[in-house]
Amino acid sequence: MSDESRPSPAQPPFAPAATPVATPVAAVIPAAGRGVRLGPGAPKALRALNGTPMLIHAVRALAASRHVSLVIVVAPPDGSAEVKSLLDAHALPGGTPGGGRGSTDFVVVPGGESRQESVRLGLAALPPEYGVVLVHDAARPLVPVDTVDAVIEAVRDGAPAVVPALPLADTVKEVEPATEPGAPEPVVATPERARLRAVQTPQGFDRATLLRAHETVTDDVTDDAGMVEKLGLPVVTVPGHEEAFKVTRPLDLVLAEAVLARRRLNDGF
Ligand code: CTP
Ligand code: MG
């Protein structure tokens, strides 16, 4: 009788009733942009909100999900060392071994010329065991964990690509873009507002779908789900959140700090 066929008392001969083990989730955070629309200064992701770099807020927001066990930060091309020391300097949720929430690992890679290129460089650092991948803009530092978890749940339920989305407040016009800035632009069409959505991040993907999209789609796109659409695969929305807005222009910094102040009041400080 071999050792394998003689179960020890500590190891029952049968596995306990199967609990399907959910595939681990990794998040790629592109943070390599300059932030031209925010005006002169440090790269946008390194600008502070209430004293803490935007990127750290964004990393915390993703690591706050107990499902996310790896965060890959795509740093400004010459800023990897700075980003690594920022991550070391700030206490991050889930980072404490034995903390009971599962720990989160962090990896930093340098980014590229476009957001698409930066995401691709982040995906190149993705270990094989991660079956679900989120892509989240560092410029959306305040996304609530419930939004992150809703995206993960929809991917785990079988959607190849999931985007958080909100109805629009403004009516949207399609125009013939003017060649000189500020010149009047002819309106071409008015899409029915009720059918339009503004999409946010994190966008969530089945790993193979996202990798294939980044390997095969070369058109310029502004989000990752758009690449999956170009493959002809279905993309679905889940409800987004107003606090997941993108910090783009100077006024957005004011709004972000106001949201943080409101959270602190609500948390009883
Ligand atoms: N991004 C990136 N690499 C780039 C360009 C953008 O990782 N080459 C990231 C940004 O850091 C940001 C996200 O993609 O987290 C969304 O981009 P956007 O809001 O446009 O940020 P920026 O490109 O930095 O801003 P701007 O377009 O005003 O320069
Ligand atoms: Mg940009």
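Residues numbered from 1 in each chain as written. Chains lettered and ligands numbered in written order. Predicted model: local features only at pLDDT ≥ 70, side-chain atom pairs only at ≥ 80, totals over all residues. Heavy atoms only, no water.

1. A word on the overall build of the protein chain
Stated formally: Helix and strand assignments follow DSSP, with helices taken as H or I runs no shorter than four residues and strands as E runs no shorter than two, numbered in order from the N terminus. Accessible area is worked out with a 1.4 Å probe on protein chains only. A residue is then buried under 20% of its type maximum, exposed over 50%, and partly exposed in between. Residue contacts follow a heavy-atom distance rule, with two residues in contact if any of their heavy atoms lie within 4.5 Å. Using a 1.4 Å probe, the Shrake-Rupley method yields the accessible areas, and only the shown protein chains count as cover for residues.
Tallying secondary structure elements over the protein chain gives 7 helices and 12 strands in all. Expressed as a percentage of its 269 residues, the buried residues of the protein chain come to 42%. Considering only residue pairs separated by 6 or more positions, the protein chain has 72% of its internal contacts joining residues 24 or more positions apart. Accessible surface computed for the protein chain: about 14800 Å², of which carbon and sulfur atoms make up 55%.

2. A short note on the pattern of salt bridges
Applied cut-off: Between Lys or Arg on one side and Asp or Glu on the other, a salt bridge is scored when a side-chain nitrogen of the former is within 4 Å of a carboxyl oxygen of the latter.
Following the criterion strictly, the structure yields 7 salt bridges and no others. The closest approach of N and O atoms between aspartate 224 and arginine 115, which form a salt bridge, is 2.8 Å. You can see aspartate 224 sitting in helix H6 (residues 224-230) and its partner arginine 115 sitting in helix H3 (residues 115-123), a full 109 residues away along the chain. With relative accessibility at 1%, the residue aspartate 224 sits in the buried group. For glutamate 243, the salt bridge goes to arginine 263, with nearest N and O atoms at 2.8 Å. Remark: arginine 263 occurs in helix H7 (residues 250-266) and glutamate 243 occurs in the loop between strand E12 (236-239) and H7; sequence separation between them is 20 residues. On the accessibility criterion, glutamate 243 (10% relative accessible area) is buried. A single salt-bridge network, built from bridges that share partners, covers Arg115, Asp137, Arg140 and Asp224.

3. Here's the deal with the UniProt feature "site: Transition state stabilizer" (unreviewed entry) in the protein chain
What counts here: UniProt positions are given in the numbering used here, feature names are shortened, and annotations may be inferred rather than shown by experiment. A 1.4 Å probe that fits into a set of points on a 1 Å grid over the protein atoms alone but cannot get out defines a cavity; an open set with protein on both sides within 12 Å along at least five of seven lines defines a pocket, and lining residues are those with an atom within 4 Å of a point.
Feature annotation in UniProt places "site: Transition state stabilizer" (unreviewed entry) on Arg37 and Lys44, given in this structure's numbering. Looking only at the residues we just named, the largest pocket is lined by Arg37 and Lys44. Looking at the element boundaries, arginine 37 is found in the loop between strand E1 (25-30) and strand E2 (48-49). According to the relative accessible area criterion, arginine 37 is exposed, its value standing at 52%. Position of lysine 44 relative to the elements: it lies in the loop between E1 and E2. Setting aside residues no more than four positions away along its own chain, lysine 44 makes contact with Gly33, Arg34, Gly35, Leu38, Met54, Ala139, Val247 and Thr248.

4. Overview of unusual backbone geometry
Across the junction of threonine 201 and proline 202, the peptide omega takes the value 10 degrees, indicating a cis bond. Counting through the fold element by element, proline 202 comes out in the loop between strand E10 (197-199) and strand E11 (203-206). For asparagine 50, which is not glycine, the phi dihedral falls at a positive 50 degrees. Residue position: asparagine 50 is located in the loop between E2 and strand E3 (52-53).

5. Section: the side chain of arginine 207
The criterion, for reference: Here the positive residues are Lys and Arg and the negative ones are Asp and Glu; neither His nor the chain ends is included.
In this fold, arginine 207 is placed in helix H5 (residues 207-216). Buried and unpaired, arginine 207 has glutamate 129 as its nearest opposite-charge partner, separated by 6.7 Å. Other than its neighbours up to four places away in sequence, arginine 207 contacts Leu126, Pro127, Pro128, Tyr130, Gly131 and Val133.

6. Some remarks on the site of ligand 1
Quick note on the threshold: Residues are labelled near a given molecule or strand when at least one of their non-hydrogen atoms is within 4 Å of it. Here a polar contact is taken to be a pair of N or O atoms separated by no more than 3.5 Å, where protein atoms must pair a possible hydrogen donor with a possible acceptor and residues adjacent in sequence count only if both atoms sit in side chains. We call Asp, Glu, Lys and Arg charged. Ala, Val, Leu, Ile, Met, Phe, Trp, Tyr, Cys and Pro are nonpolar, and the rest, Gly among them, are polar.
The local shell around ligand 1 holds 18 residues, among which Pro30, Ala32, Gly35, Val36 and Ser118 are the closest. Alanine 31 places a main-chain nitrogen or oxygen 3.3 Å from an oxygen atom of ligand 1. Measuring from a nitrogen atom of ligand 1, one finds a backbone N or O atom of glutamate 113 at 3.1 Å. Considered on its own, ligand 1 offers 560 Å² of accessible surface; in the complex 87% of this is hidden by protein. Classifying every residue of the shell around ligand 1 gives 6 nonpolar, 5 polar and 7 charged.

7. What to know about the nonpolar core
As a reminder of what qualifies: Nonpolar core, defined: a set of buried Ala, Val, Leu, Ile, Met, Phe, Trp, Tyr and Cys residues in which side-chain atoms within 4.5 Å join the residues together.
Among the nonpolar cores identified, the biggest contains 33 residues, and Leu55, Val59, Leu62, Val73, Val83, Leu87 and Leu134 are the most heavily contacted of them. Of all the secondary-structure elements, those providing two or more residues to this core are E1, helix H1 (54-63), strand E4 (68-75), helix H2 (80-89), strand E6 (132-135) and helix H4 (145-156). Residue contacts for valine 59: discarding those within four places in its chain leaves Ile29, Val71, Val73, Leu87, Leu92 and Phe106. Judged by nonpolar contacts, the second largest core, of 22 residues, contains Val109, Tyr130, Val221 and Met227.

8. Thoughts on the UniProt feature "site: Positions MEP for the nucleophilic attack" (unreviewed entry) in the protein chain
As recorded in UniProt, the sites labelled "site: Positions MEP for the nucleophilic attack" (unreviewed entry) are Arg193 and Lys246. Annotated residues from the preceding list that form part of the lining of the largest pocket: these are Lys246. With respect to the helices and strands, arginine 193 occurs in the loop between strand E9 (187-189) and E10. Considering the arrangement of structural elements, one finds lysine 246 in the loop between E12 and H7. Classification of lysine 246 by relative accessible area gives partly exposed; the value is 30%.

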